[in-house]
Amino acid sequence: MRALHRLGPITGRRVLVTGATGAVGRYAVPPARLGGAHVTASTSDPDAHGGELRELGAHGQLGRAVTGVIDVVGGEALVQAYDKLAEGGILASVGQVGSTGERFPALAFSGHDGRNDRSVTSFLLGAQAGLPADLAWSAARVTDNTLTPHIARRDSWKNAGTTIQALTEGRLPGKVVLDIGQ
C-alpha cells in the first residue's frame, strides 16, 4: 500500500509489479487491481506462475509502456522496469532480492523516445500519515479473502531459529506464522 501511494492516482493507468509471486510482490497486485489499474505482473518463471498471477488479479503480459512500477526485485529487473516507464512514470523501489546492483545504460535518465520526466523513488514504511489506515485496510482484505497471505509455514516460537534460517536462505516462498504458545 505504501508503495502504491507513491505512484499517485492509478485508476485507469498501467502498473507493473515485479516479483509478483514473491512474499512481498503478491501483496501489490490485488490492491492495484482494486484501485482500478491495469496490472501487469512479472515473475522469474511466467509459464509456471501464469495462473497464479491471474488469480491475484494481473491482467496479462507486459506490452505498452506503464505509468507506474512497484519493484521488489532490484538489480537488472529494476533497470528493465524503469525502461518500460512512460512519460511522467514513477518506479517505487521496495526491495532488493539479489546481490547485484543496478547498472543503467548511458542516457537512461535523459528524456528520449517520449519518456521524459520519469522517476525512481523509495518509500518509507515507518510512522507516516495514513499507515494505520493502510494496515487496517490490508487486514480487512485478508479477513475477507481479497488478499491471501500465502503462509509457507506455521510453526512454534520454539523453532523460530530454524524457521528464520530457512527464510533467510530462501527455502520458504511466503509468509511464516510463529505461534507464541498454546
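It should be emphasised that the depicted structure is a prediction, and the values quoted were computed from it without experimental measurement.

Asks: Where do I start with the overall build of the protein chain in this structure?
Replies: Assigned secondary structure in the protein chain consists of six helices and seven strands. Along the protein chain, helices and strands appear, N-terminal first, in the series α-β-α-β-α-β-α-β-β-α-β-α-β. Relative to its length of 182 residues, the protein chain is compact, with a C-alpha radius of gyration of 17 Å against a globular reference of 16 Å. Viewed in the frame of its principal axes, the protein chain has a C-alpha envelope of about 60 × 35 × 35 Å. The buried share of the protein chain, reckoned over its 182 residues, is 34%. Summing over all exposed atoms, the protein chain offers an accessible surface of approximately 10400 Å²; the carbon and sulfur share of this is 54%. Charged side chains of the protein chain number 18 positive and 16 negative; the gap between the two group centres comes to 4 Å.

Asks: Before we go on, may I ask you to explain the nonpolar core in this structure?
Replies: Buried together is how nonpolar side chains tend to be arranged in soluble globular proteins. Core analysis: the biggest nonpolar cluster contains 19 residues, and Leu7, Ile10, Val17, Val29 and Ile70 have the highest contact counts within it. Breaking this core down by element, the ones donating at least two residues are helix 1 (2-7), strand 1 (14-17), helix 2 (29-34), strand 2 (38-41) and helix 3 (46-56). Core analysis: the second largest hydrophobic core is formed by eight residues, Leu16, Val66, Tyr82 and Leu91 among them.

Asks: Even after reading the chapter, I still don't get unusual backbone geometry, so can you show me in this structure?
Replies: Both trends apply: most residues other than glycine have a negative phi, and most peptide bonds are in trans. Its identity as a non-glycine residue notwithstanding, Asn145 has a phi of 65°, on the positive side. Assignment of secondary structure puts Asn145 in the loop between helix 5 (131-143) and strand 6 (151-156).

Rules behind the numbers
- Residues numbered from 1 in each chain as written.
- Predicted model: local features only at pLDDT ≥ 70, side-chain atom pairs only at ≥ 80, totals over all residues.
- Heavy atoms only, no water.
- Helix = DSSP H or I, 4+ residues; strand = E, 2+ residues; numbered from the N terminus.
- Rg over C-alpha atoms; globule rule 2.2 N^0.38 Å.
- Buried < 20%, exposed > 50% of the residue type's maximum accessible area, 1.4 Å probe, protein only.
- Areas by Shrake-Rupley, 256 points an atom, 1.4 Å probe, with all protein chains shown as cover.
- Lys, Arg positive; Asp, Glu negative; His and termini not counted.
- Charge placed at Lys NZ, Arg CZ, Asp CG, Glu CD.
- Core = buried A, V, L, I, M, F, W, Y, C linked by side-chain atoms within 4.5 Å.

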